[in-house]
Amino acid sequence: MSSREYTVVGAGAIGGTLAWHLARAGHPVTVVDADSAHVAAIARDGVILERGGVRTPQPVAAALTLDQVSAPLGRVLLAVKAQATGTAAGWIAGHLAADGYVVSLQNGLNEELIASHVGAERTVGAFVDLFADVLAPGVIGDGGAGAIAIGEMDGSVSARVRELAADLGAWGPVEVTGNVPGYLWAKLGFGAMLTATALADDAMGDLLDRHRPAAHALAREVFAVAAAEGVTLEPFDAFEPSAYIDGADPGKSASATDRLVAWLRTQTKTRSGIWRDIAVRRRPTEVPTQYGPVVATAERHGIEVPVLRLLLGQLAEVEADASSMGESRIALLDAAAAKGPVR
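- As annotated in an unreviewed UniProt entry, the protein carries the name 2-dehydropantoate 2-reductase and comes from Actinoallomurus oryzae.
- Taken verbatim from the UniProt record of the protein, the Catalytic activity (unreviewed entry) comment is "(R)-pantoate + NADP(+) = 2-dehydropantoate + NADPH + H(+)".
- Looking at the Sequence similarities (unreviewed entry) heading of the UniProt record, one finds this comment for the protein: "Belongs to the ketopantoate reductase family."

Spelled out as structure tokens, the structure:
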């Protein structure tokens, strides 16, 4: 296998995990992060991946803070939180080599914003469903298997995408796709379900199982917006988006959720990254940045998304006061869902 250099900007759960696997496979990897303590730990000990209580260090070519970067950047894997995308993309634009490109390994719809800084021809789309958490500076907890799909935003299949998919295969199976938006919108529906579980302190699978009306309504609202945009949704992992579209058979929805809950219960990561941001790290989540465009697009199409709006309001209250977490908040979403979709 050829050895290719990569720069990972944002060495958190996603970026740190992929940096570990790429470096393990022999690729020169530079990690860049705004957290100086995280960078110092990686520079000293490498990226440490924890699985089942066992910590395995992997040295990388370099670990740098933003101000320490001077060389032109070639293949950039962008894995910052969604709300930091504009700032990060602007910084990358000033360092990107003429033949360099940026891959959005993030949650949400960030490719257009990235392209506005570096150019559409230097922006590669990606979907990532990776279960991991930052446990300490330099330490990433591997929370279970997931999925990655990569593709050009114009739907074409390029040599650089094939190379990238082959290299990221060091992590696991990576699909080359001509329908990145289909994956991103499908994950927005799935992500809305998991975001609801961040309103309470319990396992994602258990909360999803107990609050199916809210979960189904959230996915249905997101997918109504996707349909208005002409997006063909793509299934991934144990998630089948067609089971939650408007008019789907209730039995199909129930069976799909049974499978999803069972799969979530196999993951060692039992709570979402959003829950961790609120309850552990006490920092703002990326949810408003992820779902702001969904709400705006819904408005443009005249589509009502009352349960999603309620979720965003509930989450804002919990962000402001983590002690106000509680399952009663998800019950409010259930009650709103019981009113049925607004026509």
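Additional details are given in the paragraphs that follow.
Let's talk about the pattern of salt bridges
Next, step 1: This model, assessed by the stated rule, comprises 20 salt bridges.
Next, step 2: Two residues, Glu-229 and Arg-300, come together in a salt bridge whose shortest N-O distance is 3.2 Å. In this pair, Glu-229 is assigned in the loop between helix H8 (212-228) and helix H9 (250-264) and Arg-300 in helix H11 (residues 287-301), connecting sequence segments 71 residues apart.
Next, step 3: You can call Glu-229 partly exposed: its relative accessible area is 36%.
Next, step 4: Among the ionic contacts, a cluster of salt bridges with common partners joins Asp-206, Asp-209, Arg-212, Asp-258 and Arg-265.

Digging into the UniProt feature "domain: Ketopantoate reductase C-terminal" (unreviewed entry) in the protein
Next, step 1: Using the residue numbers shown here, the UniProt feature "domain: Ketopantoate reductase C-terminal" (unreviewed entry) corresponds to residues 183-318.
Next, step 2: As annotated, residues 183-318 comprises 65% helix and 0% strand, and the C-alpha atoms at either end are separated by 28 Å.

Some points on the layout of surface pockets
Next, step 1: Approximately 390 Å³ is the volume attributed to the second largest pocket.
Next, step 2: Contributing to the lining of the second largest pocket are 16 residues, with Leu-109, Asn-110, Glu-111, Glu-112 and Met-153 lying nearest its centre.
Next, step 3: Contributions of two or more residues to the lining of the second largest pocket are made by helix H4 (111-118), helix H6 (180-197) and H11.
Next, step 4: If one sorts the elements of the lining of the second largest pocket by residue count, H4 sits on top with four residues.
Next, step 5: In the lining of the second largest pocket, the residues fall into ten nonpolar, three polar and three charged.

What to know about the packing of H11 against helix H12 (residues 306-320)
Next, step 1: Axis separation between H11 and H12 bottoms out at 11 Å; the angle between their running directions is 155°. Classified by the angle between their axes, H11 and H12 sit roughly antiparallel to one another. Judged by the twist between their axes, the crossing of H11 over H12 is left-handed. Counted together, Val-287, Pro-288, Tyr-291, Val-294, Val-295 and Glu-299 of H11 and Leu-308, Arg-309, Leu-312, Leu-315 and Glu-319 of H12 form the full contact between these two elements.
Next, step 2: In terms of residue class, the contact of H11 with H12 is made up of eight nonpolar, no polar and three charged.

Some points on unusual backbone geometry
Next, step 1: A positive phi angle, close to 45°, is found at Asp-237, a residue other than glycine.
Next, step 2: Positionally, Asp-237 belongs in the loop between H8 and H9.
Next, step 3: Positive phi outside glycine occurs at Arg-282, with the angle close to 50°.
Next, step 4: Note that Arg-282 resides in the loop between helix H10 (273-279) and H11.
Next, step 5: Classification of Arg-282 as exposed rests on a relative accessible area of 61%.

Observations concerning the side chain of Gln-58
Next, step 1: Looking at the element boundaries, Gln-58 is found in strand E4 (residues 54-58).
Next, step 2: At 2.9 Å, the side chain of Gln-58 and the side chain of Arg-24 are in polar contact.
Next, step 3: When residues no more than four places from it in sequence are discounted, the contact partners of Gln-58 are Trp-20, Ala-23, Arg-24, Gly-46 and Val-47.

So, the UniProt feature "domain: Ketopantoate reductase N-terminal" (unreviewed entry) in the protein
Next, step 1: As recorded in UniProt, the sites labelled "domain: Ketopantoate reductase N-terminal" (unreviewed entry) are residues 7-154.
Next, step 2: Here residues 7-154 runs as 26% helix and 43% strand, with 24 Å between its end C-alpha atoms.

Concerning empty space enclosed by the protein
Next, step 1: Evaluated as defined, the whole model comprises one cavity of 30 Å³ or more.
Next, step 2: By volume, the largest cavity amounts to about 50 Å³.
Next, step 3: Together, Met-193, Ala-196, Thr-197, Leu-207, Leu-208, His-211, Ala-214, Ala-215 and Ile-330 line the largest cavity.
Next, step 4: When contributions to the lining of the largest cavity are tallied by element, the ones reaching two or more residues are H6, helix H7 (204-210) and H8.
Next, step 5: Per element, the largest residue contribution to the lining of the largest cavity is three residues, and it comes from H6.
Next, step 6: In terms of residue class, the lining of the largest cavity is made up of seven nonpolar, two polar and no charged.

Comments concerning the packing of aromatic side chains
Next, step 1: For the structure shown, the criterion picks out eight aromatic pairs.
Next, step 2: Measuring from centroid to centroid gives 5.6 Å for Phe-190 and Phe-236, while their planes differ by 75°, and the two rings are edge-to-face. Placement of Phe-190 in helix H6 and of Phe-236 in the loop between H8 and H9 is noted, with a sequence separation of 46 residues between them. Grouping residues by exposure puts Phe-190 and Phe-236 together as buried.
Next, step 3: Aromatic pair Phe-239 and Tyr-244: ring centres 5.5 Å apart, planes at 10°, arrangement stacked.
Next, step 4: The class for Phe-239 is buried, based on a relative accessible area of 3%.
Next, step 5: Accessibility expressed as a relative area gives 2% for Tyr-244, which makes it buried.

Rules behind the numbers
Once a new chain begins, its residue numbering starts again from 1 and follows that chain's sequence as written. Two thresholds apply to this predicted model, a pLDDT of at least 70 for residue-level local features and 80 or more for giving and counting side-chain atom pairs, whereas whole-chain, interface and lining totals are computed over all residues. Only heavy atoms go into the side-chain values, all of them from the structure, while hydrogens and water stay out. UniProt positions are given in the numbering used here, feature names are shortened, and annotations may be inferred rather than shown by experiment. Whenever Lys or Arg places a side-chain nitrogen within 4 Å of a carboxyl oxygen from Asp or Glu, that contact is recorded as a salt bridge. In this description a helix means any DSSP run of H or I spanning at least four residues, a strand means any run of E spanning at least two, and both kinds are numbered starting from the N terminus. Between buried and exposed lies partly exposed: a residue is buried under 20% and exposed over 50% of the maximum accessible area for its type, with that area taken using a 1.4 Å probe on protein chains only. Cavity and pocket criteria rest on a 1 Å grid covering protein atoms alone: a 1.4 Å probe that fits but cannot get out defines a cavity, protein on both sides within 12 Å along at least 5 of 7 lines defines an open pocket, and an atom within 4 Å of a point defines a lining residue. Grid points are joined across faces, edges and corners, and a volume is the space filled by probe spheres set on the points. Ten residue types, Ala, Val, Leu, Ile, Met, Phe, Trp, Tyr, Cys and Pro, are classed as nonpolar, four, Asp, Glu, Lys and Arg, as charged, and the remainder, Gly among them, as polar. Only the stretch in contact is used when a helix axis is fitted, and all axes are lines through C-alpha atoms; the angle between N-to-C directions ranges over 0 to 180 degrees. Roughly parallel refers to an angle under 35 degrees, roughly antiparallel to one over 145, roughly perpendicular to one between 65 and 115, and oblique to any angle outside these ranges. Two helices that cross are described as forming a left-handed crossing if the nearer one is turned anticlockwise from the farther one by less than a right angle, and a right-handed crossing if clockwise. Contacts were defined at the residue level, with two residues in contact if any of their heavy atoms lie within 4.5 Å. The term polar contact refers here to a pair of N or O atoms within 3.5 Å; inside protein, the definition further demands a hydrogen-donor-capable atom paired with an acceptor-capable atom, and it admits residues adjacent in sequence only when both atoms are side-chain atoms. Within 6.5 Å between ring centres, the rings of Phe, Tyr and Trp (the latter by its six-membered ring) count as paired, and their orientation is classed by plane angle as stacked under 30 degrees, edge-to-face over 60, tilted in between.

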